[in-house]
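Report on the structure
For reference, the chains in residue letters:
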Number of protein chains: 2
Amino acid sequence: MNDNVEIIEVGPRDGLQNEPAVTLEQRIELVNLLSDTGLTHIEAASFVSPKWVPQMADADLLMQRIERRSGIRYSALTPNLKGFETAVASQADEVAVFGAASEGFSQRNINCSIAESLARFEPVMAAARAQKLPVRGYVSCTLGCPIDGEIEIPKVADVAERLYQMGCYEISLGDTVGVGTPAKAKAMVAAVAERVPVSALALHFHDTYGQALANVLACLDLGVRRIDSAVAGLGGCPYAPGASGNLATEDLVYMLHGLGMDTGVDLERLIIAGNHICQQLNKAPQSKVAQAILAKQHKQQHKECVS
Amino acid sequence: MNDNVEIIEVGPRDGLQNEPAVTLEQRIELVNLLSDTGLTHIEAASFVSPKWVPQMADADLLMQRIERRSGIRYSALTPNLKGFETAVASQADEVAVFGAASEGFSQRNINCSIAESLARFEPVMAAARAQKLPVRGYVSCTLGCPIDGEIEIPKVADVAERLYQMGCYEISLGDTVGVGTPAKAKAMVAAVAERVPVSALALHFHDTYGQALANVLACLDLGVRRIDSAVAGLGGCPYAPGASGNLATEDLVYMLHGLGMDTGVDLERLIIAGNHICQQLNKAPQSKVAQAILAKQHKQQHKECVS
């Protein structure tokens, strides 16, 4: 079994897209700090309309002004051809399209059916082929939907396979609302892996119910070696204050390294990056690894506790 | 594989022992609320000297004044014969002794070697035999020690086996500082299970580095079906403010139920109990399940977020 895991850091995009007060400078600085950690893939921006997601405005400026490091792919979300063209002009190394496994969620999130959403991606896929730009495909709500509730696993496999057939080099399977548990996550990924090579699958599990790391662990068994996460566990829902966001990259790295797997990521630098953006947003890092190590650093005479 | 899991709720003891401001009334109220959740084993008190742990003072009053429910065992920590006798007089249903797998930790925590600590338990074990009272044995630092660092697995197995031979009906394997990761946790428990029947083993994993639930998942594979946790993730270290405490019972229950396992616990009542004590302590529940469900309840028009 291959013990190298690539982490796709989604903090600057998925992590910050619901932060009302984040500035362009802060977003750029976060990407630059993350570029210093050994990460090789950073989802840096989203070319959705700023009318819908003002926090992600000026994606073109961000992509132009970040300090790029060789060996790192800086990717961006592109919902349509217009977004794609701006992303290309801004020198995104790759782009991502996003579909849902839930009809209800697709309707509410992008105002069309799943089939319609896939049809809308066709021009983006064609343009990307022409530009030889890799396209990543997200499937949201793979383990449950806030509108439709339970999602049938074959539906997830259908959408994932369709995106793969359309030319996405990788399919990121999202537990958008973080409701999944390990056996179910494993069953879903196993079913998708019958239709899409497991080497082309990534996990994108939110930690709303504290299950993300356990869900990842269960799916590592299947051979998945590509995992999305956000530094400091950034993310969360503006409509549910207090609910947590993405799986924290620090906690993921800690587990993977403990399992003897290699990520290439320097945990201390990662904690610095996460702590920096959290200070700017005036919130505590949601990573327990970060909390523990920062607490240790802050206390000169650290003493551990009795069981 | 047996799919019934018994949860040993340690919130009132391990969870509160480091809370500087907790009152006897609050501790009693927490035990009473927990008695309403379907839990069958609540570690309610500690008969250590109030000189050392003032938060756990008046354990006799607590044991006398809680509203006991049939079908629930109310247990207490008893470091020595004096503590044991008071626990018996206070009608504890069972008691617990605590040893360490680390010499350095044993010295700092109870001021004697591991061998000496086991010798000190002998009179407690003899008295418990005479009273026909079950004794639980804790082993701390099974996955690492703040003083000695790495702990050799055979050392853990030695101490666990010794406690079992002395008459402890169950051995609770503690990751006291929460540093373990899944493969290591599984290897440790597998090694102990060669010396002590797996049905007599419990997991007691702290969540300092966010790994506790994943560690539990890995060990369920071995057939362990007894798990310690604390409602609202209570606990943590007074010397490391910000660092988190025990595995949250809510998150554990959510995972186990998602795996199709039965705990007998009502998650909603558990959240009520955890939220109540956290409000009194003026802190947020550390359980992500509790955070998510409370946030949902607080927001009338809840809308989920885009991946």
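For the structure, check the block above.
Being a predicted model, the structure only gives us computed values, none of them experimental.

Digging into the overall build of chain A
Scanning chain A for helices and strands turns up 12 helices and 8 strands. Its C-alpha atoms give chain A a radius of gyration of 18 Å, near enough to 19 Å, the size a compact globule of 307 residues would have. When the backbone C-alpha atoms are referred to their principal axes, chain A occupies close to 60 × 40 × 40 Å. Put simply, chain A has 307 residues, and 61% of those count as buried. Within chain A, counting contacts between residues at least 6 apart in sequence, those at least 24 apart form 74% of the total. Accessible surface, chain A: about 11400 Å² in total, of which carbon and sulfur atoms supply 50%. Positive and negative side-chain charges of chain A, numbering 26 and 35 respectively, have mean locations separated by a distance of 2 Å.

Description of the nonpolar core
Counting residues in each nonpolar core, the largest one holds 209 residues, and the members touching the most others are Leu 173 and Leu 234 of chain A together with Leu 173 and Leu 234 of chain B. Among all residues touching Leu 173 of chain A, those that are not within four sequence positions of it are Val 139, Thr 142, Val 156, Ala 160, Met 188, Val 189, Val 192, Leu 201, Ala 202, Leu 203, His 204 and Phe 205 of chain A.

What about the packing of helix H4 (residues 81–89) of chain A against helix H6 (residues 114–131) of chain A?
For any two helices packed against each other, the geometry comes down to the angle between their axes and how far apart the axes lie. Residues and elements named next belong to chain A. The N-to-C vectors of H4 and H6 enclose an angle of 25 degrees; their axes lie 9 Å apart at closest approach. It follows from the interaxial angle that H4 and H6 lie roughly parallel. Regarding H4 and H6, the two cross each other, and that crossing is right-handed. Contacts from Leu 81, Phe 84 and Val 88 of H4 reach H6 at Pro 123, Val 124, Ala 127, Ala 128 and Gln 131.

Examining helix H2 (residues 24–34) of chain A
Residue and element names in this part refer to chain A. Most of H2 sits out of view: 8 of its 11 residues are buried. All of the buried residues along H2 are Leu 24, Gln 26, Arg 27, Ile 28, Leu 30, Val 31, Asn 32 and Leu 34. Tucked inside the fold, the buried residues of H2 contact strand S1 (6–9), helix H1 (11–15), strand S2 (41–46), helix H3 (59–65), strand S3 (73–77) and helix H11 (267–281).

Looking at the state of the cysteines
Residue and element names in this part refer to chain B. If you walk through the whole model with that rule in mind, you get 0 disulfides over all chains. There is no disulfide at Cys 145, and the cysteine sulfur nearest it, in Cys 141, is 4.3 Å away. Free cysteine: Cys 168, not disulfide-bonded; nearest cysteine sulfur from Cys 112 at 15 Å. Overall, Cys 168 belongs to the buried group, its relative accessible area being 2%.

What to know about helix H8 (residues 182–193) of chain A
Each full turn of the α-helix corresponds to 3.6 residues, which orients residues three or four apart in the same direction. With 12 residues, H8 of chain A extends 16 Å from end C-alpha to end C-alpha; this agrees with the ideal 16 Å at 1.5 Å per step. Within H8 of chain A, the full set of buried residues consists of Pro 182, Ala 185, Met 188, Val 189 and Val 192 of chain A. Down the axis, H8 of chain A shows its buried residues gathered within 130 degrees of arc, on one side only. Buried residues along H8 of chain A sit in contact with helix H7 (153–166), strand S6 (170–175), strand S7 (201–205) and helix H9 (212–220) of chain A together with helix H9 (212–220) and helix H10 (249–258) of chain B.

Describing the side chain of His 204 of chain B
Residues and elements named next belong to chain B. Here His 204 is to be found in strand S7 (residues 201–205). According to the relative accessible area criterion, His 204 is buried, its value standing at 1%. Looking at His 204, its side chain comes within polar contact range of the side chain of Asp 14, at 2.9 Å.

A word on the pairing of strand S8 (residues 226–229) of chain A
Residue and element names in this part refer to chain A. Neither face of S8 is exposed, since Arg 226 and Asp 228 on one face and Ile 227 and Ser 229 on the opposite face are all buried. Taken together, the 4 bridges between S1 and S8 define a ladder with parallel strand orientation. Bridge pairing in S8 places Glu 6 opposite Arg 226.

Overview of the pattern of salt bridges
Scanning all chains against the criterion turns up 42 salt bridges over all chains. Arg 162 of chain A is the salt-bridge partner of Glu 122 of chain A, the closest N and O atoms lying 3.5 Å from each other. Of the two residues, Glu 122 of chain A sits in helix H6 while Arg 162 of chain A sits in helix H7, which places them 40 residues apart along the sequence. On the basis of relative accessibility, which here comes to 34%, the residue Arg 162 of chain A falls in the partly exposed class. Ionic pairing is found between Glu 19 of chain B and Lys 283 of chain B, a salt bridge with its closest N-O pair at 2.5 Å. Remark: Lys 283 of chain B occurs in the loop between helix H11 (267–281) and helix H12 (288–298) and Glu 19 of chain B occurs in the loop between helix H1 (11–15) and helix H2 (24–34); sequence separation between them is 264 residues. By relative accessible area, which is 12% here, Glu 19 of chain B ends up buried.

Rules and cut-offs
Residues numbered from 1 in each chain as written. Chains lettered and ligands numbered in written order. Predicted model: local features only at pLDDT ≥ 70, side-chain atom pairs only at ≥ 80, totals over all residues. Heavy atoms only, no water. Helix = DSSP H or I, 4+ residues; strand = E, 2+ residues; numbered from the N terminus. Rg over C-alpha atoms; globule rule 2.2 N^0.38 Å. Buried < 20%, exposed > 50% of the residue type's maximum accessible area, 1.4 Å probe, protein only. Contact = heavy atoms within 4.5 Å. Areas by Shrake-Rupley, 256 points an atom, 1.4 Å probe, with all protein chains shown as cover. Lys, Arg positive; Asp, Glu negative; His and termini not counted. Charge placed at Lys NZ, Arg CZ, Asp CG, Glu CD. Core = buried A, V, L, I, M, F, W, Y, C linked by side-chain atoms within 4.5 Å. Axes fitted to C-alpha atoms, helices over the stretch in contact; angles between N-to-C directions. Parallel < 35°, antiparallel > 145°, perpendicular 65-115°, else oblique. Left-handed = near helix turned anticlockwise from the far one by under 90°. Disulfide = S-S within 2.5 Å. Expected span 1.5 Å × (residues − 1). Arc of directions from axis to C-beta. Polar contact = N/O pair within 3.5 Å; in protein donor to acceptor, adjacent residues only side chain to side chain. Pairing = 2+ DSSP bridges. Salt bridge = Lys/Arg side-chain N within 4 Å of Asp/Glu carboxyl O.

Remember, this is a structural readout, not a statement about activity or role.
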